[in-house]
Protein chains: 2
Amino acid sequence: MLFTHPSLLHTHSRHLLRRRHHHHHRRRQPPSPLLHRLLSTLSHPLSHPIYTIWAANTSLGKTLVSAGLAASSLLSSSSPSKLIYIKPLQTGFPRDSDSAFLYSKISHLFLRRSPQSTLLASNHTLNVSIPASKSSKLTTGSGCSVGELEENGGTECGKGGFEGLGFYEEKRVGGGEEVRNELVCKTMYAWKEAISPHLASEREGATVGDSDLLDLLKRCLEIGVGSEGFGGSRVLSLVETAGGVASPGSSGSLQCDLYRPFRLPSILVGDGRLGGISGTISAYESLVIRGYDVVAIVLEDHGLENEVPLSSYLRNRVPVLVLPSIPKDPLDDLMEWFDESQSVFDSLTGIMLSSFQKRIDRLHEMPKKAQEIFWWPFTQHKFVPEEKVTVIDSRCGENFAVHKVKDHDCITQMFDACASWWTQGPDAALQTKLARDMGYTAARFGHVMFPENVYEPALECAELLLEGVGKGWASRVYFSDNGSTAIEIALKMAFRKFLVDNKLLSDLPQDNTIESSIELKVVALRGSYHGDTLGAMDAQAPSPYTGFRQQPWYTGRGVFLDPPMVSMHDGVWKITIPGKMNAEDVILEDTSFSSRGEVFNKSRDDSSLVSIYSSYISQELLQSSGSRKLSHAGALIIEPVIQGAGGMLMVDPLFQRVLVKECRNRKIPVIFDEVLTGFWRLGVESAAELLLCQPDIACFAKLMTGGMIPLAATLATNAVFESFVGDSKLMALLHGHSYSAHALGCAAACNSMKWFKDSKTNPNLIPEQNLLRELWDTQLVEKISFHPAVQRTISLGTLFAVELAVEDNDAGYASLCATSLLTKLREDGIYMRPLGNVIYMMCGPCTSPDVCLRMLEMLYTRLDEFKHDKIQKTSKI
Amino acid sequence: MLFTHPSLLHTHSRHLLRRRHHHHHRRRQPPSPLLHRLLSTLSHPLSHPIYTIWAANTSLGKTLVSAGLAASSLLSSSSPSKLIYIKPLQTGFPRDSDSAFLYSKISHLFLRRSPQSTLLASNHTLNVSIPASKSSKLTTGSGCSVGELEENGGTECGKGGFEGLGFYEEKRVGGGEEVRNELVCKTMYAWKEAISPHLASEREGATVGDSDLLDLLKRCLEIGVGSEGFGGSRVLSLVETAGGVASPGSSGSLQCDLYRPFRLPSILVGDGRLGGISGTISAYESLVIRGYDVVAIVLEDHGLENEVPLSSYLRNRVPVLVLPSIPKDPLDDLMEWFDESQSVFDSLTGIMLSSFQKRIDRLHEMPKKAQEIFWWPFTQHKFVPEEKVTVIDSRCGENFAVHKVKDHDCITQMFDACASWWTQGPDAALQTKLARDMGYTAARFGHVMFPENVYEPALECAELLLEGVGKGWASRVYFSDNGSTAIEIALKMAFRKFLVDNKLLSDLPQDNTIESSIELKVVALRGSYHGDTLGAMDAQAPSPYTGFRQQPWYTGRGVFLDPPMVSMHDGVWKITIPGKMNAEDVILEDTSFSSRGEVFNKSRDDSSLVSIYSSYISQELLQSSGSRKLSHAGALIIEPVIQGAGGMLMVDPLFQRVLVKECRNRKIPVIFDEVLTGFWRLGVESAAELLLCQPDIACFAKLMTGGMIPLAATLATNAVFESFVGDSKLMALLHGHSYSAHALGCAAACNSMKWFKDSKTNPNLIPEQNLLRELWDTQLVEKISFHPAVQRTISLGTLFAVELAVEDNDAGYASLCATSLLTKLREDGIYMRPLGNVIYMMCGPCTSPDVCLRMLEMLYTRLDEFKHDKIQKTSKI
């Protein structure tokens, strides 16, 4: 029976089904399927188990395994059940059609085993290349019905090189009254030649882009939703890949990369032949290092007991099942083989179902367990009820995959707009690359002792740091674990340099008589933040983080200056000069700018602000050292341009430039805390470039490792280093952590530093200018700055921030005012975290401006509602 | 020509060639080839390039590639050259013999291409299974000559299931006068059946253990040494594996794991057939995640352009070469194919040579570059000349592979006896497992935001911590990056708990009026060390690490007690009671012990020391709080049992137990710093078990991640946690680092926690007692404690330490007295670092006691020389 009027995708409204056909076909380019994906809607249901069937090679019987599982599901169980079989890519069509094979074999098996019951079976091929279509028509003469096909994810005639053939067949099998079992077979894309999909696509002029393919697959995965409620029927979906795990798909992307956003649990069909142990293990490992969970391996028996070494390799954690030999006779209808294999497939089905159930149970218990045993940093546990805990199942590039339960369990994607505490930057392609390199580096080095030693990742990392963020000034790299330790090290460096330069040290290393009366202070800006360990805390002005309850040992050991701030409001960039400065003589044009570029312009060195800044700084430094004779300002520490934890405050770069100059004049070593700002966070490799001046010491961390693992580096000039060279070990810098310069961190850093600054991998890079293109739509940012709910906005590099206009007593770090706004944005798929009444979105250096635009649009919409809510609330009072 | 008197391994003296035949054959067990390897002597030369030829599957033409490379090396170059071909495992013998194939084909090619020159070619099969031997004899009738065979790595007749057939053939090819080119072919082990080596081994009763195989391979790799000097001849060695990359070897270990200690650079023979892209990529990835460097991929053309997607996947960084189709006709002598392929093999040879040269150049420049740009922690750079810098090429389990230049460049292995700052523990099998898991976790998660979220590795890690080291007392886990941050967090926790318990906080979170006059101190032991950040430093007594030059902000904020120490000297464990204690009433039997076990015995609670300890502690606590009214001891912090950085000092566990009790009585929260001692370091999972008491807070790091990457955890009781729960965010613990609970660290921790405590993976574990067996030979330790050069010894769990007897002014951290001793031990293959005049050896929880014994023996020998040197030096003065 052949129908031309399928309607199995009825749950979807038409507008969801519009598809983009302007994908860029990038054959022979590095495959980066998800590089520029718009805010992903790649959710998939967990209402029933969905498995991918992979194989170690072609022709290992993937389709027989699918069929066996289908038989087990539909025929072995007494309860009603539904099996959805999806073949995304089919070559050799129509002669080869795995979905047609299933459709036919299962029907036969059904009649053979359960003739009293009834099975509704269908087979549908949605998109067929024109050559394949032609030879199909020759065979079947079927036509093309545009409207309905479109609705089903099929293409209208000829579009994109595909035809929606309307290749649909359906039948009722068996003699029962009531349909209790259902088989749905779908081929998504089919080509004529029996070669790899990427070759067939090229030769037949019909390539499907990765996004389109995933969108259609997403819709196919939703077919089972709702069915499970109906009559208690059991649903199982299978997605059968083409060829081996790393065989290219239509666009050339490897299938294991292509399907990664769904990260479906997997069955691997192994190889029972000579050499098959190796191929099976390697295929397994390719899946594993892409983050897939392989639930079982199944292979055909070839008398070689390949399952024995496989089980041993897998330490019995992944079951290995063995299928009877498959008859080689093409005339064999395989019915006996299926009968013989039934118990194996029943076991396999059992494993799949129980693994699925285990996963669901775990996902459900996770929030509660987390609440019970985690002690989250910076979190008042009292404010986090179980239902507010987010279960992150995985990450793919910039997106989290999050478990949610609405009508049913599902996995949905959210853009990680807090960049997981400003660490993130990799796109999906870099993540895959880093994963392989983490495996390599762990296997090659693990961690090895650093002092007095050298090994490749540490050396290359140091070289790249000095050629990159340290270019032109730094000559030494000191590794540590995080921003906080990098700062503690920087302070120790700066103080020593200051003491040596100012001849404040006695000649004997162990004689502390002079030194004990010296009090060293750090020059720092109010609102700055340099970390949570005591030394880093002491270098910052009192703040919510430094209270007595937090750290009774805190004593701000600083000369804390009030910096002038810059932000955009009502479309204008403006400088706010602190009250303490004598700003009477300022020329008004020097404090407001029509574009951000002007704020950073070198010509501002002629501004009337220079002398105002300069005299304020001089006065403060004088006061601090005047108060006590042996009190010295021994270091300057600043976050260049953006003070992050302080609330994404943008400091006037001119002020920081003047400050650096004033400190240099006084032989005070200059530290730049670039933990947040380094590595393209602000659109340039190092934020020092924006200040147009260089430090003596600078600290880097966060994005340095491509958002993988902790690693920090404190860079210093040779002059700083020299102040630690001497004839005693006690002169050396005696600070270190167990994992100093650990190989994995260094390797990740090497990779990401290179990735971000290479225009072949980072499409946002403007190589000739060595900066990122504008990521946040200038017009929309301006529009937001006019919004009545908005106090100020900042957009710079990967950062966009908004300070919400609130009543004074609701400002600051402890403010909860942004909560309702952010809750709604999370529903939109944007995961943000507030800094009190400041909210921000942070993307990666490679994120497409299209994605940023979409996020800004969503924010704008939600800001309107937020303002509305607030007005309503206020009017009620 | 057939000779029975080979003598190609003449560089080796007979005693080197004695081989161990008592290997344990562990088929169907987790393969752990290197778990119990004695101090490895697996060095290999870098005097000439040595490559491994791997393949993505069987029958892809590995041997043709070897032959083509041999032809290119021996025939294309005008300079004299030598090609060494090694086939470690050959099945199907004698019908299949890849070395015989090379021997024959290259001879033919030589005659065809360079009849005027001369080639000396030989082929030697060293060990043959008895069935294979029988069928060989049928074919060739060759005999067995025991003596010479043994010398050549061949087995005498019948031993271990192998026969050393004396299967040696040699010929001179070509008409030249002088032998300018040489081909050496070796088959190390051969079996009759043409199946996988592990099956053939089993069926033919001839299995070679991994150690034996590697030892023989090592000697084969040395064949080329010295030749390169002779007439400027170029040498190239090829090691051709059997089957695919992950095909099992004779013992069942996967070949990619088996050969890993050499980590030879690799050529991968890919698959040009349908499905071959996937198989090639997966095989490549299996090599990569074991730390191999794949220099090129070469595959046969099957008209599918598999090289295109492969190059794209590899981003053109690894060249992919394509060979012409191989004639399928078995009668084809392949001469034409070799001619056609010549240019490809010439290119491949060129790539291999230049990659080798690049590696050598890099290894040579690394020490200098490191010296120029690194700033090593805890290192006086002035003391580290270029020649003292160690180049670590890789790690395999407990061993470093180090580049050395003596007579020639080589890679030698050294036992990492400093456990790379006490972090290391994994054996080679765990390292492989972790590498795969690092890849998986990086691909699945990268890093994701922790607060208010939950994801599997973090949750499982917290669960395992609470079930393991936190069992019985802890209920919350706070993650951070290293020991230092874990301590800072612990102090913040303890102080808050103390303030709440003692009602020292005002009700308003932001009102600090009462608090500002409170001075909180920490109770700590002299000689303890808790990290390098300021808060951790302030919790320790003045030491070389805390001087003004190091951190001008340091102020010891502690009540610092003098602890009684325990150590073994002259065979007796003794307690040294500090002078400050009133020890008049002590019973002498209470201070010395015949075994270490007695020191930890619970019955010591009845010792006369209890009241001495107790009154000393009371007195010190009273004095400190009495001095100023608002001064409080707000926390106790101790390193249980072993004070590491202080010099591997063993504190009397009874004293620590009494101290904990005294603090508890005063409501002072108790912190255990288990950064060094946790996770089996001292033979038990947590050192608290040795103290027989539990803390309120404990810090863990180092070994927690299996020595992979930084991660720390501060565990706390629920009561501690509750003191941070309140109605304001400002009540929460506002401390965190960007990578809090990063997924890779948590995943590594889950793996290693489970690995170490499972007797299936850790052969040292005594499950019923939940402790490790004695790793350091008790008798030899005792003997060392009698040595005149030794002041004291400590052996406990994975730690063995010796304090060298020195003059007083040469003791302490800055002492260089151990340098000469350690330099010699490094020559022996033991990599140690001193703590002043204290030296120590640290192994992993899974390290074989045999390895520890060998190290102790070497130490003992070197101690004798050391004492001798010292006496000589003294007598000269």
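Quick caveat: nothing in here was measured; it's all calculated off a predicted structure. (Residues numbered from 1 in each chain as written. Chains lettered and ligands numbered in written order. Predicted model: local features only at pLDDT ≥ 70, side-chain atom pairs only at ≥ 80, totals over all residues.)

1. Overview of the overall build of chain A
Heads up, the condition is: The numbering of helices and of strands both runs from the N terminus, where a helix is a DSSP run of H or I of at least 4 residues and a strand a run of E of at least 2. Three exposure classes are used, based on other C-beta atoms lying within 10 Å of a residue's own C-beta, which is placed from the backbone: buried for 20 or more, exposed for 12 or fewer, and partly exposed in between.
Across its full length, chain A holds 24 helices and 34 strands. Out of the 877 residues in chain A, the part that is buried amounts to 59%.

2. Things to note about the relation of the copies chain B and chain A
Note the threshold: To superpose the copies, least squares is applied to the C-alpha atoms of every residue with a pLDDT of at least 70 in both. Each residue is represented by a C-beta atom placed from its backbone, and any two residues with such atoms within 7 Å are regarded as in contact.
When chain B is fitted to chain A, the residual RMSD is 0.1 Å, and the transformation amounts to a turn of 180° plus an axial shift of 0.0 Å. Such a combination of turn and shift is consistent with a two-fold rotation axis. An overlap of 100% is found between the interface residues of chain B and their copies at the interface of chain A, pointing to a shared contact surface.

3. Some remarks on the packing of helix α13 (residues 456-467) of chain B against helix α21 (residues 743-756) of chain B
Axis angle and axis distance: for two packed helices, these are the angle between their axes and the distance between the axes, and together they describe the pair. All names here are of chain B. For clarity, the cut-off: Axes here refer to lines fitted to C-alpha atoms; in helices the fit is confined to the stretch in contact. Angles between the N-to-C directions go from 0 to 180 degrees. An angle below 35 degrees is treated as roughly parallel, one above 145 as roughly antiparallel, one from 65 to 115 as roughly perpendicular, and anything else as oblique. In a left-handed crossing the near helix is turned counterclockwise from the far helix by less than a right angle, and in a right-handed crossing that turn is clockwise. Side-chain classes follow a simple rule in which Ala, Val, Leu, Ile, Met, Phe, Trp, Tyr, Cys and Pro form the nonpolar group, Asp, Glu, Lys and Arg form the charged group, and the remainder, Gly included, forms the polar group.
At their nearest, the axes of α13 and α21 sit 8 Å apart, and the two run at 40° to each other. Taken as axis vectors, α13 and α21 run oblique relative to one another. Relative to α21, the crossing made by α13 is left-handed. Together, Pro457, Ala458, Glu460, Cys461 and Leu464 of α13 and Ala743, Cys746, Ala747, Ala749, Cys750 and Met753 of α21 make up the contact between the two elements. Residue classes in the contact of α13 with α21 are distributed as 10 nonpolar, no polar and one charged.

4. Details of the sheet that holds strand β19 (residues 558-561) of chain B
Residue and element names in this part refer to chain B. To be explicit about the condition: Here, a strand pair is defined by DSSP locating no fewer than two bridges between the strands.
Pairing is mixed in the open sheet, where seven strands are placed in the order β17-β28-β27-β26-β23-β18-β19. At either end of the open sheet lies a strand with only one pairing partner, and these are β17 (476-480) and β19. Strand-to-strand twist of the sheet, defined as the mean angle between neighbouring strand axes without regard to direction, takes the value 25°. The sheet contact formed by strand β18 (residues 519-525) and β19 spans four bridges and is parallel. Residue pairing across strands places Val523 opposite Val559, the latter belonging to β19.

5. Comments concerning the interface of chain B and chain A
Interface size is commonly expressed as the accessible surface area that is lost when the partners come together. Taken together, the 156 residues of chain B in the interface contact 156 residues of chain A. For the side of chain B that touches chain A, the element with the most residues is helix α12 (residues 428-444) of chain B, which contributes 11 residues. Sheet topology note: the strand β16 (residues 453-454) of chain A/strand β13 (residues 390-396) of chain B ladder contains two bridges and is parallel. For Asn453(A), the partnering residue across the bridge sits in β13(B) and is Thr390(B).

6. Focus: the sheet that holds strand β28 (residues 712-716) of chain A
All names here are of chain A. Taking strand neighbours across the sheet as the criterion, the seven strands line up as β17-β28-β27-β26-β23-β18-β19 in an open arrangement whose pairing is mixed. Two strands bound the open sheet, and with one partner strand each, they are β17 (476-480) and β19 (558-561). For this sheet, the mean inter-axis angle between neighbouring strands, taken without regard to orientation, is 25°. Together, β17, β18 (519-525), β23 (631-638), β26 (670-673), β27 (697-700) and β28 form the strand contacts of helix α14 (residues 483-501), whose direction differs from that of β28 by roughly 20°. Those strands touched by helix α18 (residues 653-665) are β18, β23 and β26, and its axis lies near 145° from that of β23.

7. With respect to the pairing of strand β32 (residues 799-804) of chain B
Residue and element names in this part refer to chain B. Counting buried positions along β32 gives six out of six residues, so the element sits mostly inside the fold. The two faces of β32 match: Leu799, Ala801 and Glu803 on one face and Phe800, Val802 and Leu804 on the other face are all buried. As paired elements, strand β31 (residues 790-796) and β32 share six bridges and run antiparallel to each other. What sits directly across from Ile794, in β32, is Ala801. Hairpin geometry of β31 and β32 is characterised by an intervening segment of two residues between the two adjacent antiparallel strands and by a positive phi of about 60° at Gly797. Of the strand pairs in this sheet, β32 and strand β34 (residues 838-842) are connected by five bridges, and their pairing is antiparallel.

8. Points about the environment of His124(A)
One can find His124(A) in strand β5 (residues 119-129). A count of 26 C-beta atoms within 10 Å places His124(A) in the buried class.

9. Some remarks on the packing of α12(B) against α21(B)
All names here are of chain B. Where α12 contacts α21, the two axes come as close as 9 Å, and the packing angle between them is 150°. Comparing their axes, α21 and α12 come out roughly antiparallel. Like other packed secondary-structure pairs, α12 and α21 cross with a definite hand, here right-handed. Only Ala743, Leu744, Ala747, Ala748, Asn751, Ser752 and Trp755 of α21 make contact with α12, whose side of the interface consists of Leu430, Lys433, Leu434, Asp437, Met438, Thr441 and Ala442. Along the lines of polarity and charge, the residues of the contact of α12 with α21 split into nine nonpolar, three polar and two charged.

10. Quick word on α18(A)
Residue and element names in this part refer to chain A. Our working definition: For a helix, the expected span equals 1.5 Å multiplied by the residue count minus one.
Here α18 spans 19 Å end to end across 13 residues, near enough to the 18 Å set by a 1.5 Å rise per residue. Across the 13 residues that make up α18, a large majority, 10, are buried. Looking one or two residues beyond α18, the residue adopting positive phi is Lys667, at roughly 55°.

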